[in-house]
Amino acid sequence: MKHIELYEKLEQLYPTVLRCEWDNDGIMCMADPNREVRKVLVTLDITESAVKKAIDENFDLVLSHHPLIFRRVAHLDVRESVPRRLLMLAAHGITALSYHTRLDAAKGGVNDMLAKALCLTDVEPLMVDGVPMGRIGTAEKEFSPQELALYAKEKLGSRQVVMADGGRLVRRVAVVGGSAEEGIAPAKCMGAEAFITGEAKYHTLSDAHLGGITVIALGHYETEQQVCCALADAVKDRIPEAEIEIYHANTLIRL
């Protein structure tokens, strides 16, 4: 299958109608649309180390959740981080595709994978600004806020957890991976007793308990990295003969 053909198939799986208007995803770099897809590197972020791995180990396509080009690139200057990575990819004919907010919203995407990792049942969409950006479901048992925070921390392999205690037992849980504190109000409206995300602002966490909802922040990377498996499976289902590797490119260090 050619690069452009895989792109078109992924566009059907993760349609642009699910993408937030402020977002930029899809094709980040495609030097040769007619190149055959043989070796795919899947990663949450197209870091410089991911790009170097793709070059050194002869990957021809990099597939990510976070867009390499998120803000406007005014010029291609090798002294700047994003342009340098784009130039490195293009020089070696490597395609880079990213699926961001539409992968958050899509069936089987970030938030379905997060709900699955936390063993939620009866999962349904959580609408945020008119988009099914999160999920809400039922925990396997009733937790105290602290029990739920520690349970989720273990399930996701988080190094640290920040929690605002809503002051009541929790069974109904809403999840939005990454940074999505705007989902707290919709979650409360749908009866959630806890809201799990990657990160939230200090004042949001400080005030959350006043609304009677527990808010748990487990790390941006930790709440989204499970989606790499879904992306890898999406490629494998369409190109069974392709060699696919998941690269864990978390550059943040928590001590």
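All values derive from a computational prediction rather than experimental measurement. Counting of residues starts from 1 at the beginning of each chain's written sequence and follows it residue by residue. This being a predicted model, a pLDDT of at least 70 is required before a residue's local features are given, and a value of 80 or more before pairs of side-chain atoms are given or counted; all residues contribute to the totals for chains, interfaces and linings. In computing side-chain values, all of the structure's heavy atoms are included and hydrogens and water are not.

## Quick notes on helix α1 (residues 3-13)
Okay, so step 1: Think of it in three bands: with a 1.4 Å probe and only protein chains considered, a residue is buried below 20% of the maximum accessible area for its type, exposed above 50%, and partly exposed in between. The way it works is that DSSP assigns letters per residue, a run of H or I at least four long becomes a helix, a run of E at least two long becomes a strand, and they are numbered from the N terminus. Within α1 the residues assigned to the buried category are H3, L6, Y7, L10 and E11. Projected down its long axis, α1 shows its buried positions confined to an angular sector of 140 degrees, all on one face.
Okay, so step 2: The contact criterion used is simple: two residues touch if any of their non-hydrogen atoms lie within 4.5 Å. On the buried face of α1, the contacting elements are β1 (26-29), β3 (61-64), β4 (95-98), α4 (101-105) and α10 (227-238). Comment: arc refers to directions from the helix axis out to C-beta atoms.

## Digging into the pattern of salt bridges
Okay, so step 1: Every case where a carboxyl oxygen of Asp or Glu lies within 4 Å of a side-chain nitrogen of Lys or Arg is listed as a salt bridge. This structure, assessed with the given rule, holds eleven salt bridges.
Okay, so step 2: Taking the shortest distance from any N to any O, the salt bridge between E11 and R102 comes out at 2.8 Å. Pair noted here: E11 is in helix α1 and R102 is in helix α4, with a separation of 91 residues, a long-range link.
Okay, so step 3: Residue E11 is classed as buried on the basis of its relative accessible area, which comes to 17%.

## Points about the packing of aromatic side chains
Okay, so step 1: Only Phe, Tyr and Trp rings take part, Trp by its six-membered ring, and two of them pair if their centres are within 6.5 Å. Stacked means planes under 30 degrees apart, edge-to-face means over 60, and tilted covers everything else. Summed over all chains, the structure comprises three aromatic pairs.
Okay, so step 2: On the basis of an interplanar angle of 50 degrees and a centroid distance of 5.6 Å, the ring pair of Y14 and Y99 is categorised as tilted. Placement of the pair is Y14 in the loop between α1 and β1 and Y99 in the loop between β4 and α4, with a sequence separation of 85 residues. Each member of the pair, Y14 as well as Y99, is classed as buried.
Okay, so step 3: On the basis of an interplanar angle of 80 degrees and a centroid distance of 6.1 Å, the ring pair of W22 and F70 is categorised as edge-to-face. Of this pair, W22 sits in the loop between α1 and β1 while F70 sits in the loop between β3 and α3 (81-91), placing them 48 residues apart in sequence.
Okay, so step 4: One residue, K39, lies across the ring of F59, its end atom 4.7 Å from the ring centre. As a reminder, the over-ring test applies to NZ of lysine and CZ of arginine, requiring each to be within 6 Å of the ring centre and within 35 degrees of the ring normal.

## Topic: the side chain of H66
Okay, so step 1: Position of H66 among the secondary structure elements: in the loop between β3 and α3.
Okay, so step 2: The class of H66 is buried, set by a relative accessible area of 14%.
Okay, so step 3: Excluding residues within four positions of it along the chain, H66 makes contact with L44, D45, S98, H100, H220 and E224.

## Digging into empty space enclosed by the protein
Okay, so step 1: The pocket and cavity definitions rest on a 1 Å grid over protein atoms only: a 1.4 Å probe that fits but cannot leave marks a cavity, an open set with protein on both sides within 12 Å along at least five of seven lines marks a pocket, and residues lining either have an atom within 4 Å of a point. Grid points are joined across faces, edges and corners, and a volume is the space filled by probe spheres set on the points. All told, the structure shown has one cavity of 30 Å³ or more when counted by the stated rule.
Okay, so step 2: The volume enclosed by the largest cavity comes to roughly 30 Å³.
Okay, so step 3: Lining of the largest cavity is provided by L118, L120, A139, F143, L148, Y151, A152, V173 and I196.
Okay, so step 4: Elements with a contribution of two residues or more to the lining of the largest cavity: β6 (131-143) and α6 (145-156).
Okay, so step 5: The biggest single contributor to the lining of the largest cavity is α6, with three residues.

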